[in-house]
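Analysis of the macromolecular model
One letter stands for each residue in the lines below.
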Amino acid sequence: MTARNGRVSVGAAAAAATRAAYRQLRRRPPVEARMWQRTNYAGRGVELYGGLAAAAGAATALATARGLSVRARAAAVGAALAAGACGAYDDQKGSPDERGFRMHLGALREGRLTSGGVKLLGIGAAGLAAGVLLKARPLDQLLAGVVIAGTAHAVNLVDVAPGRAAKAVITVGAPGLLRAGTGGVLAAAPVGAAAAVLGDDLSERTMLGDAGAHALGAALGAAIAAANGRIGLLLHAAALVALTGAGDRISTDQRLWNAPGVRHVDAWGRVAHPYG
């Protein structure tokens, strides 16, 4: 099997596992179905199974992919599952009144642990652990951890409109499929999983939620970390820290999403509503 075929097979495996998990979750919802129902920006009822399925599909493909070292496999699978679990916790326990990176940091300083604080600590720890597995030197390990946790957070930041987060994962991850080696194999899984749920996300049947967005983001971050040396890690980490600092402005500033070119890609495939 060539390297290119290996990446294609990982992406296909992620897509197939995601679709199988999605069908199963819809057929037999975990615990109570109403716990996984939400009202989206347009007032339509959607479910979160797409995110759970994407997390499971990406992790399954990474766990079974050929051509990965034990450390790289453990790093990517562990980061995706830990980020997905933290996101699922926030999906269930989070409050609309407790949102934003600064708010959760402020709560931690006051000795309060919000669901977002659980995500912050849990995904941060998982990112650092994955960085230790992927890189040999302490500084590179730290930067890799920032990239993995930061990418998970960045994908979740844009998950405020149908298909937006899945498109972001595909857009950022697809060029990595052209890269030979560990980075390309790792990138194939989140891209395949995101593509598998994109149609249902755009049709407003499902949404990624925190579980799916964080899991796919962490898996994508692991791919970026594996593919880059110190300079690349520094540049990616700096960009992600800037995105985190921008916070909700990235999510809600319509000037960004209405920019030429961005608006057309962002709106492609989305259901049109008479009010916006």
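An account of the accompanying structure is given in this report.

Attention now moves to the overall build of the chain. Secondary structure summary: the chain contains 13 helices and two strands in total. Taking all 276 residues of the chain together, 50% fall into the buried category.

One finds Ile148 and Leu216 to be the most contacted residues of the largest nonpolar core, which totals 57 residues. The greatest single-element share of this core, amounting to 10 residues, is contributed by helix H8 (residues 182–202). Look past the residues within four positions of Ile148 in its chain and what remains in contact with it is Ala79, Gly127, Ala130, Gly131, Leu134, Gly217, Ala218, Gly221, Ala222 and Ala225.

Its 21 residues give H8 an end-to-end C-alpha distance of 31 Å, which sits within 8% of 30 Å, the value for a rise of 1.5 Å per residue. At Ala196, H8 shows its largest bend, some 35 degrees. Of all 21 residues in H8, 18 are buried, a share of seventy percent or more.

Now for the packing of aromatic side chains. Here a ring pair, both rings aromatic, is described through the centre-centre distance and the interplanar angle of the planes. With the rule as written, the count across this model stands at zero aromatic pairs. Taking NZ or CZ as reference, Arg164 lies 3.9 Å from the ring centre of Trp257, over its face.

What follows concerns the packing of H8 against helix H9 (residues 209–227). Packing of H8 against H9 leaves a shortest axis separation of 7 Å and a crossing angle of 160 degrees. What the angle tells us is that H8 and H9 run roughly antiparallel. Note on packing geometry: the crossing formed by H8 with H9 is left-handed. Counted together, Thr182, Gly183, Leu186, Ala187, Pro190, Ala193 and Ala194 of H8 and Leu216, Ala219, Leu220, Ala222, Ala223, Ala226 and Ala227 of H9 form the full contact between these two elements. Classifying every residue of the contact of H8 with H9 by side-chain character gives 12 nonpolar, two polar and no charged.

You can see Leu142 is positioned in helix H6 (residues 138–157). Using a relative accessible area of 45% as the deciding quantity, one classes Leu142 as partly exposed. Remark: the alpha-carbon pair of Leu142 and Ala129, spanning 13 residues in sequence, is separated by 9.2 Å.

This part takes up the packing of helix H2 (residues 49–64) against H8. Relative to each other, H2 and H8 sit at 150 degrees, their axes nearing to 9 Å. What the angle tells us is that H2 and H8 run roughly antiparallel. The handedness of the crossing between H2 and H8 comes out as right-handed. The residues of H8 that touch H2, namely those facing Gly50, Ala54, Ala58, Ala61 and Leu62, are Leu186, Ala189, Pro190, Ala193 and Val197.

The rules we used
- Residues numbered from 1 in each chain as written.
- Predicted model: local features only at pLDDT ≥ 70, side-chain atom pairs only at ≥ 80, totals over all residues.
- Heavy atoms only, no water.
- Helix = DSSP H or I, 4+ residues; strand = E, 2+ residues; numbered from the N terminus.
- Buried < 20%, exposed > 50% of the residue type's maximum accessible area, 1.4 Å probe, protein only.
- Core = buried A, V, L, I, M, F, W, Y, C linked by side-chain atoms within 4.5 Å.
- Contact = heavy atoms within 4.5 Å.
- Expected span 1.5 Å × (residues − 1).
- Bend = angle between axes of the 7 residues up to and from the residue.
- Phe/Tyr/Trp six-rings, centres within 6.5 Å; stacked < 30°, edge-to-face > 60°.
- Lys NZ or Arg CZ within 6 Å of the ring centre and 35° of its normal.
- Axes fitted to C-alpha atoms, helices over the stretch in contact; angles between N-to-C directions.
- Parallel < 35°, antiparallel > 145°, perpendicular 65-115°, else oblique.
- Left-handed = near helix turned anticlockwise from the far one by under 90°.
- Nonpolar A, V, L, I, M, F, W, Y, C, P; charged D, E, K, R; others polar.

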